[in-house]
Structure formats: structure tokens, C-alpha cells
Amino acid sequence: MHMGLHHLHNHATMRIGTSFVRRRCALATARGRARLEEEALAALNGVLDPALARCKRLAVQPDATVAVKLEFRSGAMRRGAVEAAAAAAIEALPWARRSSVESTLSRPRSFMGSNAPPSLRHVGALVGISSCKGGVGKSTVAVNLAYALATQGGRVGLLDADVHGPSLPSLVRLAPRSFP
């Protein structure tokens, strides 16, 4: 009985070793690297949230380096943590020697679609704060939301359209010459 278990152990080790050798040989051909790219992409999809980031380019090099270019859909997130998770997922593959992860930020499509004027073509979202009553903190909420999004890396603009008297100048102190 003991010899049977030993035989099974050796057989399993041989199967793992054969699979490993087969993957290593796959690095020598473009077709083989394409199969490994599919495997690497599946590993990436396990750690990427498609609402936040996507794999824009992935290439397996003959030396088993996996080059990845991620595209983030929003600047209002911690990109370093996602890049590190992507690198770890790639480097966990048994055939991958190392990874190279780069990232870019996509330009948002306008919330207005193709009818957007040039000044709004890359404005991805418009958030309105409104109320039918005065003195309830609309400007305070708008300023805090803008600062929070900017702190997370988002590009924000703020417009106070109060026709009875804008309050933003009293809530925000900007450094001299901070406007372009």
C-alpha cells in the first residue's frame, strides 16, 4: 500500500513538472505566448474591478516577463494598490518570472454625449446640489464633496450659481495665482 501512494506521488509530481515544462516551451512561440497571455488576463480579471480599471495591453515576453498596461476610468482612486494587486496576480503564475505594470488614466466621455461643446467634451460627470430652501448647507456640501474627490485624485470644478449671492468665496480660500 505504501508503494502505491509513493507511485501516485511521483506521478502527480511528473504531471506538474510536465505542465511546467510545457508552459516554459510555450514562451518560445508566438502562439504559445498568446495562450499564456489568456492565462495572465484571466488572473488579472480576478483582481480588477471592471468599473474602475481595465487591462489595455498585456504581452508575455520570451523571457517570461509579463508587461501590463492598465487604464483607470477615474483618478479618484488609489492606483498604487490596484497596480500592486495586478503585479502580484501575474507573479503568482507558475511560469511568470516578473511583471511590469504601467497605468494611464482614461479621458472620460462627456455626460452630454456627442453634442457636448468643446469645453465639456472631457467632463465625465456633473453633480448638482440643490434645495428649494435657503440656508440648509448646499454650498458647504458642494465644497466638501469637491475637496473629497480632489483628495482622491479626481479633477473637479466648482460653480456657485446662486443668483441671490454666491457663498463660495466665503467658504474657500485659494492661494494667489491658483487659477490658470
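Whatever comes next refers back to the structure up there.
Here goes a summary of the coordinates provided. (Residues numbered from 1 in each chain as written. Predicted model: local features only at pLDDT ≥ 70, side-chain atom pairs only at ≥ 80, totals over all residues. Heavy atoms only, no water.)

What to know about the nonpolar core
Line of reasoning, step 1. Among the nonpolar cores identified, the biggest contains 21 residues, and Leu-44, Leu-58, Val-66, Val-68, Leu-70, Ile-90 and Trp-95 are the most heavily contacted of them.
Line of reasoning, step 2. Those elements giving two or more residues to this core turn out to be helix H2 (30-45), strand E1 (53-60), strand E2 (65-72) and helix H3 (79-91).
Line of reasoning, step 3. Those residues within four positions of Leu-70 in sequence are excluded, and the remaining contacts are Leu-48, Arg-54, Cys-55, Lys-56, Val-82, Glu-83, Ala-86, Val-101, Glu-102, Ser-103 and Thr-104. (Core = buried A, V, L, I, M, F, W, Y, C linked by side-chain atoms within 4.5 Å. Buried < 20%, exposed > 50% of the residue type's maximum accessible area, 1.4 Å probe, protein only. Helix = DSSP H or I, 4+ residues; strand = E, 2+ residues; numbered from the N terminus. Contact = heavy atoms within 4.5 Å.)

Details of the pairing of E1
Line of reasoning, step 1. In this sheet, E2 lies alongside E1 in antiparallel orientation, the contact comprising 7 bridges. The residue bridging Ala-59 from the neighbouring strand is Ala-67, located in E2.
Line of reasoning, step 2. Where E1 folds back onto E2 in an antiparallel hairpin, the turn is made up of 4 residues, including Ala-64, whose phi is positive at roughly 75 degrees. (Pairing = 2+ DSSP bridges.)

Let's talk about the pattern of salt bridges
Line of reasoning, step 1. Counted by the stated rule, this structure contains 3 salt bridges.
Line of reasoning, step 2. Of the charged contacts in the structure, one is a salt bridge between Arg-54 and Glu-71, with a shortest N-O distance of 2.8 Å. One end of the pair, Arg-54, is in strand E1; the other, Glu-71, is in strand E2, and 17 residues separate them in sequence.
Line of reasoning, step 3. You can call Arg-54 partly exposed: its relative accessible area is 33%.
Line of reasoning, step 4. For Glu-71, a relative accessible area of 11% corresponds to the buried category.
Line of reasoning, step 5. Its salt-bridge partner being Glu-71, residue Lys-56 comes within 3.6 Å of it at the nearest N-O pair. Residue Lys-56 is located in strand E1, and its partner Glu-71 is located in strand E2; the two are separated by 15 residues in the primary sequence.
Line of reasoning, step 6. Among the charged side chains, a salt-bridge network with shared partners connects Arg-54, Lys-56 and Glu-71. (Salt bridge = Lys/Arg side-chain N within 4 Å of Asp/Glu carboxyl O.)

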